[in-house]
Amino acid sequence: MDALLLARIQFAFTIGFHFLFPAMTLGTALVILISETLHLMKKDDVYRKITDFFARLLGLIFVVGAATGIVMEFSFGTNWSQYSRTVGDIFGPILAAEGVIAFFLESVFVGVLIFGRKRVSPKVYWLAALLVFIGGHLSAFWIIVANSWMQTPAGYEIDTAGKIILTSFYDAVFNPSMIARFSHTVLASWITCAVMVSGIAGYYVRKGLHGETARTMLKIGIILLAITPLIQLGAAHGHAIQVIDTQPVKAAAMEGHFKTGRGAPLYVIGYVDEGNEKTYGIYIPKFFSFLYNFDFNSEIKGLKDFPKENWPPVNVVFQSYHIMVGLGMFFITLGLLGMWLLWTGKIYTAKWYLFWLPFFIPLPHLAHESGWITAEVGRQPWIIYGLMKTADAASVVVSAGEIVFSLVMFALVYLLLFVMFVRLFVKIVKQGPAAP
Amino acid sequence: MENIQNFQILWFVLIFILLLGYALLDGFDMGVGALLPFLGGNKEEKDTLIASIGPVWDGNEVWLITGGGALFAAFPHAYATAFSGFYLAMMLVLLALIFRAVSMEFRANDPARAGLWEKALVGGSALAALLFGVALGNVIYGVPLTDKMEYAGKFFTLLRPVPLLFGVAGLAAVLLQGASWAVMKTEGELQERSFQAVRVLMWINVITALVYFVVLSVTFSRLSGNVLFYVAVVLTFAGLIGLFFSARKKNDVAPFWESSFSFVGLFLAAGAAQFPNLIAASNGPNFSLTIYNSSTGLYTLQVMAVIALIGMPIVIGYTIFVYRLFKGKTRADDHY
């Protein structure tokens, strides 16, 4: 196998693994902030127990996220040095800003959240919860800025040597896809946690454990689960329109849309035959066009309008996109059903509903990983859309053999981290909010 | 200050400060990690040692992340050349940092395998500290580079005596940071053992620092007459001499500051030897990556300077605030 492909596999694997953890961190920080705010206002010990429980989980989640996050920062230099040389002007400042403005804040105060309960006053503890929430989200903001700039570059010029020069930091940061992608990603993270909280609390309630604490936790989880996927529907819709406008090749691949035309269909499920350039499946006629601008006859560009060497692997993008959308619809249903049960007061005895909740905890991860694959594979063959090919970005001095070594190392270490994480996660959940 | 050179120099200084901050802060918690079995006699004592660094180590590590980001932002060629050139060594650094990070959390939640995670903590901490010194030693001492700014050496090129000396001197300084932190945060027998470690490590540091400064002054002719270099030597030995007396007097707090001064001296000498190089070329100075031929554009350096000069004082402010929250001796209820 050649070094480029190995480097891509390694990046996909390490970022895919890392992404599991920040996706949980943001939502967990939100739940902690909610319960600690309620604790401060109502002085009810139930909320303190909920905060402390999720702070313990956050400790585990955060540490694996931080450990695997450093790998990502190194990886641009170790494996993508040509990319780093070319985009240092823009990509570097964004990563550095993430450190100064965001990650310091999150990391310094996460220590207070995990270790400080007995050391600090309730108000300082609440402040720490707020700052971890803000720091985590700012961190996501800058990382999404960096990634969005690769999707829709802005605020730059190319000099005579082919180097990318920053001309407007503001334009680079607020590039055309940034806001849409940030909202979409943060909401995905909140959904991840809404399902996690509901799943854990559902398990407790069904087993009759932790009484009022479990019921309150379930209430918080279900309310989040009812709200967040619905907001996500709107955010995702905005993001999709932005992709159609700014990255038409990716948008066409997402729906397996080959020929430019009016009244493009929306597939519910399907398969793209890339050889014959045809898409099969169950579809809603004209709905892709309708969703673009609420006009059943609007024109959507097809893949054939673009040179074939600039197409991404169409079926991969199509399938990952549809898995994400399908799961999104499922979360909406799950949340609304839960809300109805909560509203009618039946939820604490609805064993058929509570039984399934814990099994759904991995599903949001599947959804956001699929979304990530859609975004990143959909950008191929570019590393920076329209500007630089992935094939030109890898390190020149790193051999295939060296990457095999590091890939095996990451595979083994991450397997160990994963097994340990799941075991300890389950263990902390089993100990529950009553634990000291 | 429209001149780009001013900003290139400013960024050399800022990255120096970020890496120094990393060395001092993550230095003490890696030092505690590496010394865990030597200082902690039983599980209780080990719990106390880990609890003393638990709330702060993750914030400390951000100095490295920010330093790396700043290097990428200001001098992308140096970042790209060093990280891709030292590929296998960088992978070992990552391995060490991963295990160092997760081992404390895993040890607390997985008591059945606590011994294993302690070994991971000790190994990860010591290996990371050693490798950072070796890496710095290499970029200062010089490595073979091509005219395309790419590394032309091999893995074993990195393990020459002078860079290894940097690694050993750095590790010794990190261990001293750890032992003197333990002195500040613990009591009783545990503190007694930490004092012993400080005394032994002080003498080791006297030797490694002496060799380090002599080798630097022989290797880098530009250091003769360099005021910063002399200041560095004075700082290090003033720190170590102070340490000698405060360890005798059983002062709780002073050893940590004295150890830090001594470490600052080592760093300052390295910076003086390095400037204005980022990665010295062993095959001729024309191939060297300097702050002048490796930087980003003026506008990027300016934007970053604004972010850093506003942001870092705030970071330092709330970092001090949090350290003060956990001030004093580590208590049993600080444990995981």
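Predicted, not measured: the structure shown is a model, and the values here were computed from it. (Residues numbered from 1 in each chain as written. Chains lettered and ligands numbered in written order. Predicted model: local features only at pLDDT ≥ 70, side-chain atom pairs only at ≥ 80, totals over all residues. Heavy atoms only, no water.)

Engineer: Any chance you could explain the packing of aromatic side chains here in plain terms?
Structural biologist: Counting across every chain of the model gives 62 aromatic pairs over all chains. A centroid spacing of 4.9 Å and a plane angle of 35° characterise the contact between A:Tyr170 and A:Phe174, whose relative ring orientation is tilted. A:Phe174 gets classed as partly exposed once you look at its relative accessible area, which sits at 40%. A ring pair is formed by B:Trp181 and B:Tyr323, whose centres lie 6.3 Å apart and whose planes are at 85°; its orientation type is edge-to-face. Of this pair, B:Trp181 sits in helix H7 (residues 161–185) while B:Tyr323 is found in helix H11 (residues 298–325), placing the two residues 142 residues apart along the sequence. When the ring centre of B:Phe195 is taken as origin, the NZ or CZ atom of B:Lys250, which lies over that ring, is 5.7 Å away. (Phe/Tyr/Trp six-rings, centres within 6.5 Å; stacked < 30°, edge-to-face > 60°. Buried < 20%, exposed > 50% of the residue type's maximum accessible area, 1.4 Å probe, protein only. Helix = DSSP H or I, 4+ residues; strand = E, 2+ residues; numbered from the N terminus. Lys NZ or Arg CZ within 6 Å of the ring centre and 35° of its normal.)

Engineer: Please explain the nonpolar core as it appears in this structure.
Structural biologist: As a rule of thumb, soluble globular proteins bury nonpolar side chains together. By size, the foremost hydrophobic cluster in this structure holds 244 residues, and its most contacted members are A:Phe54, A:Tyr83, A:Phe109, A:Met196, A:Ile200, A:Tyr353 and B:Trp11. In this structure A:Phe54 touches A:Thr28, A:Val31, A:Ile32, A:Met196, A:Val197, A:Ile200 and A:Met217, once residues within four positions along its chain are discounted. Formed by 23 residues, the second largest nonpolar core is a distinct cluster that contains A:Ala253, A:Phe258, A:Leu303 and A:Val314. (Core = buried A, V, L, I, M, F, W, Y, C linked by side-chain atoms within 4.5 Å. Contact = heavy atoms within 4.5 Å.)

Engineer: So what exactly am I meant to see when it comes to unusual backbone geometry here?
Structural biologist: Outside of glycine, negative phi angles account for most residues, and trans bonds account for most peptide bonds. In this structure, A:Pro381 follows A:Gln380 across a cis peptide bond, with omega equal to 5°. Cis rather than trans, the peptide bond between B:Phe275 and B:Pro276 has omega equal to 0°. Positionally, B:Pro276 belongs in the loop between helix H10 (254–274) and strand E1 (277–279). Here A:His210, not a glycine, exhibits a phi torsion of approximately 60°, which is positive. With respect to the helices and strands, A:His210 occurs in the loop between helix H6 (178–207) and helix H7 (211–246). Assessed through its relative accessible area of 23%, A:His210 is described here as partly exposed. For A:Phe294, which is not glycine, the phi torsion reads 60° and is therefore positive. The residue A:Phe294 is located in the loop between helix H9 (287–293) and strand E6 (299–300) in this model.

Engineer: Honestly, the side chain of A:His257 in this entry has me stumped. Any pointers?
Structural biologist: All names here are of chain A. Tracing the sequence through the fold places His257 in the loop between helix H8 (248–254) and strand E3 (261–262). Residue His257 is classed as buried on the basis of its relative accessible area, which comes to 9%. In terms of polar contacts, His257 uses its side chain to reach the backbone carbonyl oxygen of Lys259, at 3.4 Å. A polar atom in the side chain of His257 sits 3.0 Å from the backbone oxygen of Ile300. Non-local contacts of His257, meaning those with residues more than four positions away in its chain, are made with Ala252, Ala264, Phe288, Ile300, Lys301, Gly302 and Leu303. (Polar contact = N/O pair within 3.5 Å; in protein donor to acceptor, adjacent residues only side chain to side chain.)

Engineer: Got a minute to help me understand the interface of chain A and chain B in this structure?
Structural biologist: Interfaces are often sized by the amount of accessible area the parts lose when they come together. At the junction of the two partners, chain A supplies 70 residues and chain B supplies 69 residues. At the boundary of chain A with chain B, total buried surface from both sides reaches about 6,200 Å², with 74% on carbon and sulfur atoms. Looking only at chain A, the three residues that lose the most surface to chain B are A:Arg85, A:Phe115 and A:Arg119, adding up to 15% of its buried area. Of the charged contacts, one joins A:Arg85 and B:Glu150 as a salt bridge, the two residues approaching to 3.2 Å between their closest N and O atoms. At the junction of chain A and chain B, the tally comes to 19 residue pairs in polar contact (both at pLDDT 80 or more). (Buried area = accessible area lost by both parts, 1.4 Å probe. Salt bridge = Lys/Arg side-chain N within 4 Å of Asp/Glu carboxyl O.)

Engineer: Hey, could you run me through the pattern of salt bridges in this one?
Structural biologist: Any two side chains of opposite charge can pair, given that their charged atoms come close. Tallying each qualifying case throughout the model produces 23 salt bridges over all chains. Between A:Asp89 and A:Lys163 there is a salt bridge, with its nearest N and O atoms 3.5 Å apart. Of the two residues, A:Asp89 is situated in helix H3 (residues 81–115) and A:Lys163 in the loop between strand E1 (156–158) and strand E2 (164–166); the sequence distance between them amounts to 74 residues. Judged on exposure class, the residue A:Asp89 and its partner A:Lys163 are both buried. Between B:Asp110 and B:Arg113 there is a salt bridge, with the nearest N and O atoms lying 3.1 Å from each other.

Engineer: Can you help me understand the domain arrangement of chain A in this one?
Structural biologist: Residue and element names in this part refer to chain A. The domains assigned to chain A are domain 1 (1–175 + 399–436) and domain 2 (200–382). For domain 1 versus domain 2, the separation of C-alpha centres amounts to 23 Å. Our enumeration of links across domain 1 and domain 2 arrives at zero salt bridges. Across the contact surface, domain 1 and domain 2 share six residue pairs in polar contact (both at pLDDT 80 or more). When contributions to the side of domain 1 that touches domain 2 are tallied by element, the ones reaching two or more residues are helix H1 (3–42), helix H2 (45–78), helix H4 (122–151) and helix H13 (400–431). The dominant element in the side of domain 1 that touches domain 2, judged by the number of residues it contributes, is H1, at 10 residues. Taken together, the residues that form the side of domain 1 that touches domain 2 break down as 20 nonpolar, six polar and three charged. (Domains from an automatic or database assignment. Nonpolar A, V, L, I, M, F, W, Y, C, P; charged D, E, K, R; others polar.)

Engineer: What exactly am I supposed to notice about the pairing of strand E5 (residues 278–284) of chain A here?
Structural biologist: If a strand is regular, its side chains alternate between the two faces of the sheet. All names here are of chain A. Of the pairings in the sheet, the one linking strand E4 (residues 266–273) to E5 comprises seven bridges and is antiparallel in character. Looking across to E5, one finds that Tyr267 is bridged to Tyr283. In textbook terms, the turn of a hairpin is the stretch between consecutive antiparallel strands, and for E4 and E5 this stretch comprises four residues, one of which, Glu277, has a positive phi near 55°. (Pairing = 2+ DSSP bridges.)

Engineer: What is the right way to read the environment of A:Thr185 from this model?
Structural biologist: Residue and element names in this part refer to chain A. Summarising the element assignment, Thr185 is placed in helix H6. Apart from the residues within four sequence positions on either side, Thr185 is in contact with Phe19 and Ile144. A polar contact of 2.6 Å, which involves the side chain of Thr185, links it to the backbone oxygen of Arg181.

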